[in-house]
Amino acid sequence: MAAIFRLARPHQWIKNALVLAALVFGQRLFVLHDVVLALVGFVAFCALSSAGYILNDIADREADRLNPEKCDRPLARGDLTVAAASRAAFAFAAIAAVLSIVLGREFVGIALLYAALQLVYSLWAKHQVIIDVIAVAIGFVLRAFAGGVAIDVEVSPWLVFITFVLALFLVLARRRHELIALGDDAIAHRSALSDYSVRLVDQMISIVAGATLVGYMIYTASAEVEAKLGTRHLYLTVPFVAFGILRYLYLIDERNEGGDPARALLHDRPLILAVALWVLTDIVLLYF
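Treat the numbers as computed from the prediction; the structure is a model and nothing was measured.

Asks: Would you explain empty space enclosed by the protein in this entry?
Replies: Think of a ball as big as a water molecule: rolled over the atoms, this probe shows where empty space is left. By the definition in use, this model includes one cavity of 30 Å³ or more. Its boundaries defined by the atoms lining it, the largest cavity holds a volume of some 460 Å³. Of all the elements in the fold, those that place two or more residues in the lining of the largest cavity are α3 (32-64), α6 (105-123), α7 (131-150) and α8 (157-182). Here the residues of the lining of the largest cavity are counted per class, giving 10 nonpolar, six polar and 10 charged.

This is how it looks when you write it as C-alpha cells:
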C-alpha cells in the first residue's frame, strides 16, 4: 500500500486546485452546495491524475531506472509489479468515473478528454518536441474548465489563457531541469529532449513567463472583468503574481529546482507566502 501511495504522487494533487478556481472567481466560495460540488470535482481529478501518473510510470519504468531523480519510483525500483500498478490505476480511474457521473454529463466529457489526453501523452506526445509541453498545458486548462462545469459557472477566456501560459512556463522549467540533471543521458530518458537545448528552453521560458505576467496584469485592469467581478482593485494582486513568477525563475536558474513544481511550491517558503497572500487578497477583494 505504501508503494501504491507513492505511485499515486499525492503531492502532485496540488495542481488540481485549479478545479477550485471557478469557485473563487465565480464568487461562489461561500455557497455550500457549490463548495461541495467543487470539492467532489477536485477529488475526481486527483483520482484521475493519479491514474494517469501510474500509466505514465508503467510506460516509463525502464527509462526511469536511468534517471537519478526517478529511479526510486516504485515501478523503477521493482517495489510493484506492472500488474499491481495496473490494478491501482484502474481503481483510481473507477473512483474518478463514479464522481464524474455524480457531477453530470459535461463533467464526464471533460474527464474523458483529460483521460484521453493522458493516454496520448504517455504513448506518443511526450516524445514530440513542443507538442509535449503543449499537451501538459492543455491538461491544466481542462482542470480549470472542469471546475466551472462542476458548479455551472462560465469559465472566463482570461482564466483559460493565463492557465495555459503559466502551465507552459512550469513544464518548460521542468524540461530545463531534465536537460541539466540528466546531461548526456537525457535522450535515453525522453527522446524529445534531443530536440531541446538549455538555450532554446530559456528563450521559451522568457516568452511564456512574460506572457503570463502581462496577461494577468491586463486581466486585472480589464473593464470587462471589473464589471463582471464587481471590483476595480484586482490589480492589487499583481505584486504577488510578479514575485511568484520571478521567485520561480530564481529557483530554476540559480537552484535548478524546476524539476517538480509541486514540490517547489510546497517547500519554498517565500513562494508559499506569495501564493497564500495572492489567494487571500483575491478573496478579500471579491467578497468583502
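Next comes the rest of the account.
Asks: Is there a simple way to explain the pattern of salt bridges in this structure?
Replies: Pairs can form between side chains of opposite charge whenever their charged atoms are close. Summed over all chains, the structure comprises 14 salt bridges. Where Asp-57 meets Arg-9, a salt bridge forms, and the shortest distance between an N and an O atom there is 2.2 Å. A residue pair is termed long-range when its members are at least 10 positions apart, and Asp-57 in helix α3 and Arg-9 in the loop between α1 (2-8) and α2 (21-25) qualify at 48 residues. Arg-9 carries the same exposure label as Asp-57, and that label is buried. Of the charged contacts in the structure, one is a salt bridge between Arg-255 and Asp-268, with a shortest N-O distance of 4.0 Å. Here Asp-268 lies in the loop between α13 (261-267) and α14 (269-287) and Arg-255 lies in the loop between α12 (238-254) and α13, a separation of 13 residues in the sequence. Look at Arg-255 and you get partly exposed, because its relative accessible area is 39%. Beyond isolated ion pairs, a larger network of salt bridges with shared partners links Arg-6, Arg-77 and Asp-79.

Scoring rules and cut-offs
- Residues numbered from 1 in each chain as written.
- Predicted model: local features only at pLDDT ≥ 70, side-chain atom pairs only at ≥ 80, totals over all residues.
- Heavy atoms only, no water.
- 1 Å grid on protein atoms, 1.4 Å probe; cavity = no way out; pocket = protein on both sides within 12 Å on 5 of 7 lines; lining within 4 Å.
- Points joined across faces, edges and corners; volume = space filled by probe spheres on them.
- Helix = DSSP H or I, 4+ residues; strand = E, 2+ residues; numbered from the N terminus.
- Nonpolar A, V, L, I, M, F, W, Y, C, P; charged D, E, K, R; others polar.
- Salt bridge = Lys/Arg side-chain N within 4 Å of Asp/Glu carboxyl O.
- Buried < 20%, exposed > 50% of the residue type's maximum accessible area, 1.4 Å probe, protein only.

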